[in-house]
Each structure stands twice: as structure tokens, then as C-alpha cells.
Amino acid sequence: MDGTPTVNDVMTRTVVALRTGAVFKDIVRTLRDWHVSALPVLDGEGRVVGVVSEADLLPKEEYPEGDVGHGAQVRHLADVRKAEAVTAAALMTAPAVTVAPEATLAHAARLMARSGVKRLPVVDRAGALEGIVSRSDLLKVFLREDEDIAEEVRREVVVRLFGTCLSPVGVEVRDGVVTLTGRLDDPTLVPLATLLARAVPGVVDVRCALAGHRPHARRTAVAGGGGER
């Protein structure tokens, strides 16, 4: 996996979706049969228009009579409406939070965190469904083999920064943790090497044992000083 991994690299391509007219029991049955907690909802042209999750269905159980009693807060009104709904169009949360296939995994993770969702429909520029990316999909990059990570660090970080001739930087990777060792002529490159290594896909952490050569102390002869300083 060279370069920055994208949603397209890790997403699930076999996806079950609902049409807007899907009825309540069919939705519950589909969630159960596919062992998922949410499903994208498509319009007549196959574009993602919303998502139905277990949370959207629970008001049917919470408010079986569609009444929250006296003093109900405004935030409960949407739940009451969903308790009375019977189709995906009325139950779904819309608009759906979606992500493009070329988006980075970091971007997808931020979208999930900000939206409080566990998975995102992946759509093309026209809004058509291409796949689903989940939290577990985003973590797949950390299953990358240590040697693959080490090879990419050597190629994309060490060689680019220091060249190919007897590079002074050693690279070791264990359980995704990169250790950089060696001594550099230019100590200003140490933080840059660490930053670039951390950006390699699959890297869990970077331990930098790089050091820069210290310049020799200058000695200046001083007349009548009885020696050197």
C-alpha cells in the first residue's frame, strides 16, 4: 500500500440498501439478516438520500402510542414522528453523511467522529452508492506487515531525505512502531524524518533515536593568554 490510503482501499463493496418505500418490518428484518446497525436509503435513481439506523427505529418501541405526555420537550417531537412512521423515507436520518472513495482515511475518521456514526456510505460525484466504510475498515491499515512498513519508510523517507549512498539512518519496525537510528550531519532533518515516517500508512508510532553531529568547539589562540580557549 504505497502512498496515502483512501476510503476506496478499505471500503466494503457489497452493500445492502433500502428504497424509500421499504416498510418497517422489512427494515428490521434486513438489519438482522445482514448483522448491521444501519442501512443507506436510495431514491429511484440509486442516489443515497438518507440512512436508517436502529436508533431511528427505537422510538416505535419507546412511544408505542405516539404520545410523550405533558411537558414534552421539543427534541422529543422528532422521535414521536418516527414512532408513527412506517417507511424508510419517514424513518431515515437525512441528509446522509457520506464520503467520497478518494477521501483519506483520516478524513473519513473525522467525519465519523463529528457526526457520531459508525459507518459512512461511500458515494460517487453523482451521489450513487459505491460501498460502505466502517470503523473497523479504517483500522485495517494497521494490520500491515512490519517489513512492508519498514520498506516504505526506507524508500519514501530515508532515501528521499538522505539519498541512496550508505544512508546513515537505520529503520526498524515492530508491531507497527518505527524506530529510526543513526547520526546525521544536519540535525534539522531529525524532526522532518520523524514527521514523514509517522505519515506512512500503518505506522502506530515513531521512536526517534536520530542524532545530529555536534560541531567541534572552536579553539582560538590568544596572545599572552597562556594557552588556547
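Structure: above.
Residues numbered from 1 in each chain as written. Predicted model: local features only at pLDDT ≥ 70, side-chain atom pairs only at ≥ 80, totals over all residues. Heavy atoms only, no water.

1. What about the side chain of Thr194?
Residue placement: Thr194 occurs in helix H10 (residues 189–198). On the basis of relative accessible area, Thr194 is assigned to the buried category, the value being 15%. Among the polar contacts listed, one links the side chain of Thr194 to the backbone oxygen of Val190, at a separation of 3.1 Å. Residues within four places of Thr194 in sequence aside, it is in contact with Leu180, Val206 and Cys208. (Helix = DSSP H or I, 4+ residues; strand = E, 2+ residues; numbered from the N terminus. Buried < 20%, exposed > 50% of the residue type's maximum accessible area, 1.4 Å probe, protein only. Polar contact = N/O pair within 3.5 Å; in protein donor to acceptor, adjacent residues only side chain to side chain. Contact = heavy atoms within 4.5 Å.)

2. Here's the deal with the environment of Thr188
Residue placement: Thr188 occurs in the loop between strand S7 (177–184) and H10. Exposure remark for Thr188: the relative accessible area of 56% places this residue in the exposed category. Separated by 23 residues in sequence, Thr188 and Ala211 place their C-alpha atoms 9.8 Å apart. A polar contact of 2.5 Å, which involves the side chain of Thr188, links it to the side chain of Asp186.

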